[in-house]
Amino acid sequence: MEPNTLQNVDHTALKTNQAVIILLNLFAFIFNLPWLAGIVALAMLVGTILKIPGFRFVYRALKRVTSIKPDVVLDNPEPHRFAQGFGGVVMLVGTALLFTSATVLGWGLVWLVIALAALNLFGGFCVVCAVYYWLSRLNAPGFTKAPPEGTFPGMRPKIRESHGN
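Q: Is there a simple way to think about the pattern of salt bridges in this case?
A: A side chain with one charge can pair with a side chain of the opposite charge if their charged atoms come near. For the coordinates displayed, the defined rule picks out 2 salt bridges. Put simply, Arg156 and Asp71 hold a salt bridge, and the shortest N to O gap is 2.1 Å. With a gap of 85 residues between them, Arg156 in the segment after α6 (127–137) and Asp71 in the loop between α3 (56–65) and β2 (72–75) connect regions that are remote in the sequence. Taking the relative accessible area as the measure of exposure, Arg156 reaches 25% and is therefore partly exposed. Note that Lys145 and Glu78 form a salt bridge whose closest N and O atoms lie 4.0 Å from each other. Of the two residues, Lys145 is situated in the segment after α6 and Glu78 in helix α4 (residues 77–98); the sequence distance between them amounts to 67 residues. Glu78 carries the same exposure label as Lys145, and that label is buried.

Q: Explanation requested: the side chain of His80 in the structure shown.
A: Along the polypeptide, His80 turns up in helix α4. Here the side chain of His80 touches Asp75 through a polar contact of 2.8 Å, side chain to side chain. Each residue touching His80, except ones within four places of it in the same chain, is listed here: Val9, His11, Leu14, Asp75 and Cys129.

Q: Which parts of the structure should I look at to understand the packing of aromatic side chains?
A: Summed over all chains, the structure comprises 8 aromatic pairs. Here the aromatic rings of Phe27 and Phe31 are separated by 4.6 Å at their centres, their planes lie at 50°, and the arrangement is tilted. Grouped by ring-pair contacts, the aromatic residues Phe82, Tyr132, Tyr133 and Phe143 constitute a single cluster.

Q: What exactly am I supposed to notice about the nonpolar core here?
A: Where a protein is soluble and globular, its nonpolar side chains tend to be buried together. Among the nonpolar cores identified, the biggest contains 23 residues, and Met91 and Val110 are the most heavily contacted of them. Breaking this core down by element, the ones donating at least two residues are α1 (11–30), α2 (34–50), α4 and α5 (103–123). It is α5 that contributes the most residues to this core, 7 residues altogether. Leave out the neighbours within four places in its chain, and Val110 touches Asn25, Ala37, Met91 and Leu98.

Rules used throughout
Residues numbered from 1 in each chain as written. Predicted model: local features only at pLDDT ≥ 70, side-chain atom pairs only at ≥ 80, totals over all residues. Heavy atoms only, no water. Salt bridge = Lys/Arg side-chain N within 4 Å of Asp/Glu carboxyl O. Helix = DSSP H or I, 4+ residues; strand = E, 2+ residues; numbered from the N terminus. Buried < 20%, exposed > 50% of the residue type's maximum accessible area, 1.4 Å probe, protein only. Polar contact = N/O pair within 3.5 Å; in protein donor to acceptor, adjacent residues only side chain to side chain. Contact = heavy atoms within 4.5 Å. Phe/Tyr/Trp six-rings, centres within 6.5 Å; stacked < 30°, edge-to-face > 60°. Core = buried A, V, L, I, M, F, W, Y, C linked by side-chain atoms within 4.5 Å.

In short, the description is geometric, and any link to function would need to be established separately.
The structure is reproduced here in structure tokens:
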């Protein structure tokens, strides 16, 4: 593991991303729109590649028209990107299955992403972030960060933003 070089991470942007993922996937399920699940998957994967929340544009729009405020915390962005990428891959597989005869499995994978995003949004625990940190403890290649000091893996850190950056 490399020493922690924590960065300013806006957890309001992450929460907005999770809320949009949940809402769009629920809409896709209720109205049986597999193509919408595919768009969610692509947004998550593109966001992971660009190192931003996939629905950051929604967050930015909300900041302009509402009183939503950033909640910047010193954190590692890598576990959050890993979680978004993992969810994007699961959604991509789920979407592919929705266009075959395996729709139950496809919607099951979409619901898995909904459940994990909801646990993070409403419960404050990111399961896939915790997996990132556990893989780091096992020295898995590419998993180099430890949770911020005093933070249980997968839980939100309590350290406020650094004003020196």
